[in-house]
Amino acid sequence: MVTPRISYAHLLAKPNPKHVESLLKFFESGRAQRGTGGFGVEIEHLPVHNGSDTAVSYYEPNGIETLLKRLAPYYDEEKEYWENGHLVGLGRPGVSVSLEPGGQVETSIGILKKPSDLITLYTKFRREVDPILEDLDFRLVNYGYQPKSSFADVPVNPKDRYDAMTDYLGRVGQFGPCMMRCSASTQVSIDFVDEHDAIEKMRLGTVIGPILAYFFRNTPYFEGEPNPWPLLRQRMWDYLDFQRTNVIPGLFDPRFGWEDYAIDVLSTPLMFADLTHTPEAVASGASPKELHRPAFRENAGDVYPDRELNPYEINHIISTHFNDVRLKNFVELRHWDSLPIERAERLTEIVSSLFYVPENRERLESYFDGITEEEVYEAKANIQAHGRQASPYGQPLEFWKEFLGLEGLLADIPGDPNHPDVFQE
C-alpha cells in the first residue's frame, strides 16, 4: 500500500519535479554562515485621517497614492514599482515601502545585524514621511486592525493580485476581506545555516509564536467595535483558507524537510498567477491582464512551464502561502500585530535571544522535544478561549513570561499617540 510520506494535504496534486528542484535550490541559496544572525523586520501601518480616525484610501485626494509620490524622491527611481499606471512601491538599500491590499503602508527593513539597527533605519523613514503626512492630514497607526472603519469602507489598491484575492478570499473561509483591507502586522525574519537549522527554527517559531503574540497583542478594535478575540490576527488567518494558512502540514513529523514544504507550496492553487517575469508568456504576446490573472484552481505546475522556475516565479508562488511561519531563503515569523517601533525592536531582541543564543535555543528545543501538530493547535485555541487565564502547553502565561525571558515588553507604549490611553485588554 502506498501512503503519503508526511501529510494528507493535496492528495491528488502532483507538482512538477523541476519546480520542486527549483525551490530546493532557492532554499539552499539562503544558507548563511554560522553565527551571522541577520534580521529582516516588516512593520505594516494603518493610514487614518487625523480628524475622524477613519481609513485613508489609495485613491482619495491626498491619499496613499499622493503619499507615495511625495515620498518617491527619497528612494531610488529604478526601484519604483508601478501597476496599472499607479505607483505602489518604493525601494532603496536597506528599506522598501510597499502597500498591502487596503492601502496599509509596509516598511521592510533589513538585513539588520543587530536589533538596535532597526531604530536607526526606521527613524530615517519617519523623518522623511512624517512631514508629508502632516501636510496630507493623516497619520500612520500601529494597531492590528483599523480603529473605526469596516472592511466594507476600504477599497483595495490598484494591483491585479488584490482583485483576484478579493474575489477568491471573499468566497472561502472567514475574514478574507477583513484581513486584506483592515489588518496590519509586524513580521520578523531570521536566517538559517542549513536544512536542519531551518526546519528547527520553523518548528520553534510555530510553537512559541502564539505565546509571543499574546504578550505583544495590539488590536483594540475590530470592525469599529472593541476586539473580542485575544489574538485577532491569529483568528483571521486560522479561519481564512486552511490550505495556505495556519500550521504547515506535516511540519512536526520528524521526517519533514525542505522537499515536503516545496511539495505543499507547489500543490496549492495559486489564487493568482503572475507571469510578468515568465519569458515564454511575455514572448507569446499575452496582454497585461493575461500575464496577471486569477488562478483559483490551478497550481504552479498548471501555470508555469516545464522547466526550473526563476527567482521571481518562486517568490510569487511562496507569497500565496500565509502559514504562521513561512520559508523563503530565510525564515519568516508572521504572528504579530503591528507594533510601535520601540515594541518592534523589543520583539526583535527577544527573537534574537531565543533563536540566536545557543543555550536559549537548546533549552527551547529540549523543552518542546516531541511536540505534535495537535498540541500546537490546542495551545492556540487555549489562548483564544481563555485569554489571560490561558495555559498553553499546560503552563500558565506567567510561566511562559519567565521561561521565554519576556521582561520589559513596553506594553505602555500606545499604537496611536493620538490616543495614548487606548490598548488591547
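Note that the structure is a prediction, hence the values are computed from the model and not measured.

Q: Help me out: how do you make sense of the overall build of the protein chain in this one?
A: Scanning the protein chain from terminus to terminus reveals 16 helices and 15 strands. For 425 residues, the compact-globule estimate of 2.2 N^0.38 gives 22 Å, and the protein chain sits close to it at 21 Å. Dimensions of the protein chain along its principal axes, counting C-alpha atoms only, are 65 × 60 × 40 Å. Looking at the 425 residues of the protein chain, the share that counts as buried comes to 59%. Here the analysis covers contacts within the protein chain between residues at least 6 apart in sequence; of these, 76% occur between residues at least 24 apart. As displayed, the protein chain has an accessible area near 17800 Å², and 52% of this comes from carbon and sulfur atoms.

Q: Honestly, the pattern of salt bridges in this entry has me stumped. Any pointers?
A: Any two side chains of opposite charge can pair, on the condition that their charged atoms come close. One pass over the structure, following the stated rule, counts 29 salt bridges. We note a salt bridge from D135 to R70, for which the minimum N-O separation is 3.0 Å. Here R70 lies in helix 2 (residues 64-71) and D135 lies in helix 3 (residues 117-136), a separation of 65 residues in the sequence. Here D135 falls in the exposed class, since its relative accessible area comes to 52%. Under the relative-accessibility criterion, R70 is labelled partly exposed at 36%. One network of salt bridges, with partners in common, ties together D191, D197, K201, R361 and E365.

Q: Just to check I follow, could you spell out the environment of G170 for this structure?
A: Along the chain, the position of G170 falls in the loop between helix 4 (160-169) and helix 5 (176-182). The partly exposed category is assigned to G170, whose relative accessible area is 48%. Sequence separation between G170 and M180 is 10 residues; the distance between their C-alpha atoms is 9.9 Å. With sequence-adjacent residues up to four places away left out, G170 is seen in contact with M165 and P177.

Q: Help me understand the packing of helix 3 against helix 13 (residues 341-356) in this model?
A: When two helices pack together, you describe them by how their axes are tilted relative to each other and by the distance separating the axes. Interhelical geometry of helix 3 versus helix 13 gives an angle of 150° and a closest axis separation of 9 Å. Judged by the angle between their axes, helix 3 and helix 13 are roughly antiparallel. When the axes of helix 3 and helix 13 are compared, the crossing they make is right-handed. For the pair helix 3 and helix 13, contact is made by L118, I119 and Y122 and by I341, A344, E345 and T348, respectively. Of the residues belonging to the contact of helix 3 with helix 13, the class tally is five nonpolar, one polar and one charged.

Q: Explanation requested: the environment of E42 in the structure shown.
A: Structurally, E42 can be placed in strand 1 (residues 39-49). C-alpha separation for the pair E42 and S189, spaced 147 residues apart in sequence, amounts to 8.4 Å. Those residues within four positions of E42 in sequence are excluded, and the remaining contacts are E106, T107, S108, S185, T186, Q187 and E332.

Q: Explanation requested: helix 14 (residues 358-367) in the structure shown.
A: Since the α-helix advances by 3.6 residues per turn, residues separated by three or four positions end up pointing in the same direction. Taken residue by residue, helix 14 has N360, R361 and L364 as its buried positions. Down the axis of helix 14, the buried side of the element spans an arc of 100°, and every buried residue falls inside it. Of the exposed residues in helix 14, the ones pointing more than 90 degrees away from its buried face are E359, E362 and S366.

Q: Help me understand the packing of aromatic side chains in this model?
A: Given two aromatic rings, their pairing is described by the distance between the two centres and the angle made by the two planes. The full count for this structure, using the stated rule, is 26 aromatic pairs. Measuring from centroid to centroid gives 6.1 Å for F175 and F222, while their planes differ by 70°, and the two rings are edge-to-face. In this pair, F175 sits in the loop between helix 4 and helix 5 while F222 sits in strand 8 (residues 221-222), placing the two residues 47 residues apart along the sequence. Chaining the aromatic ring pairs together yields one cluster made of Y367, F368, Y393, F399, W400 and F403. Here the basic side chain of R92 rests over the ring of Y75, its NZ or CZ set 4.2 Å away from the ring centre. The lysine or arginine in question, R334, covers the ring of W237, its NZ or CZ lying 5.4 Å from the ring centre.

Q: I keep staring at the pairing of strand 4 (residues 95-99) and nothing clicks. Help me out?
A: Only one face of strand 4 is covered, namely the face carrying V95, V97 and L99; the face carrying S96 and S98 is uncovered. Bridge count for strand 3 (residues 86-92) against strand 4 is four bridges, and the pairing is antiparallel. Pairing of L90 across the sheet is with V97, part of strand 4. Taken together, strand 3 and the strand that follows it, strand 4, pair antiparallel across an intervening segment of two residues, in which G94 is found at a positive phi of about 90°. Sheet analysis places strand 4 next to strand 5 (residues 105-112), joined by five bridges and oriented antiparallel. Following the sheet pairing, S96 is matched in strand 5 by S108. Between strand 4 and strand 5, which follow one another and run antiparallel, lie five residues, and G103 among them has a positive phi close to 85°.

Q: What exactly am I supposed to notice about the domain arrangement of the protein chain here?
A: Often, the extent of an interface is quoted as the loss of accessible area on bringing the components together. Assigned domains within the protein chain: domain 1 (41-260 + 321-404) and domain 2 (269-310). The C-alpha centroid of domain 2 is placed 27 Å from the C-alpha centroid of domain 1. Contacts between the two partners involve 11 residues from domain 1, matched on the other side by eight residues from domain 2. Overall, the association of domain 1 and domain 2 removes approximately 890 Å² of surface from exposure, summing both partners, and the carbon and sulfur fraction of that is 67%. With a shortest N-O distance of 2.9 Å, K289 and D160 are connected by a salt bridge. Here domain 1 and domain 2 share four residue pairs in polar contact (both at pLDDT 80 or more) between them. Of the residues forming the side of domain 1 that touches domain 2, the biggest block, seven residues, is contributed by helix 4.

Q: Explanation requested: the packing of helix 1 (residues 17-29) against helix 12 (residues 311-319) in the structure shown.
A: Where helix 1 contacts helix 12, the axes come no closer than 11 Å and their chain directions differ by 95°. Taken as axis vectors, helix 1 and helix 12 run roughly perpendicular relative to one another. Contacts between helix 1 and helix 12 involve S22, L23, F26 and F27 from the first element and I314, N315 and I318 from the second. Taken together, the residues of the contact of helix 1 with helix 12 sort by class into five nonpolar, two polar and no charged.

Rules behind the numbers
- Residues numbered from 1 in each chain as written.
- Predicted model: local features only at pLDDT ≥ 70, side-chain atom pairs only at ≥ 80, totals over all residues.
- Heavy atoms only, no water.
- Helix = DSSP H or I, 4+ residues; strand = E, 2+ residues; numbered from the N terminus.
- Rg over C-alpha atoms; globule rule 2.2 N^0.38 Å.
- Buried < 20%, exposed > 50% of the residue type's maximum accessible area, 1.4 Å probe, protein only.
- Contact = heavy atoms within 4.5 Å.
- Areas by Shrake-Rupley, 256 points an atom, 1.4 Å probe, with all protein chains shown as cover.
- Salt bridge = Lys/Arg side-chain N within 4 Å of Asp/Glu carboxyl O.
- Axes fitted to C-alpha atoms, helices over the stretch in contact; angles between N-to-C directions.
- Parallel < 35°, antiparallel > 145°, perpendicular 65-115°, else oblique.
- Left-handed = near helix turned anticlockwise from the far one by under 90°.
- Nonpolar A, V, L, I, M, F, W, Y, C, P; charged D, E, K, R; others polar.
- Arc of directions from axis to C-beta.
- Phe/Tyr/Trp six-rings, centres within 6.5 Å; stacked < 30°, edge-to-face > 60°.
- Lys NZ or Arg CZ within 6 Å of the ring centre and 35° of its normal.
- Pairing = 2+ DSSP bridges.
- Domains from an automatic or database assignment.
- Buried area = accessible area lost by both parts, 1.4 Å probe.
- Polar contact = N/O pair within 3.5 Å; in protein donor to acceptor, adjacent residues only side chain to side chain.

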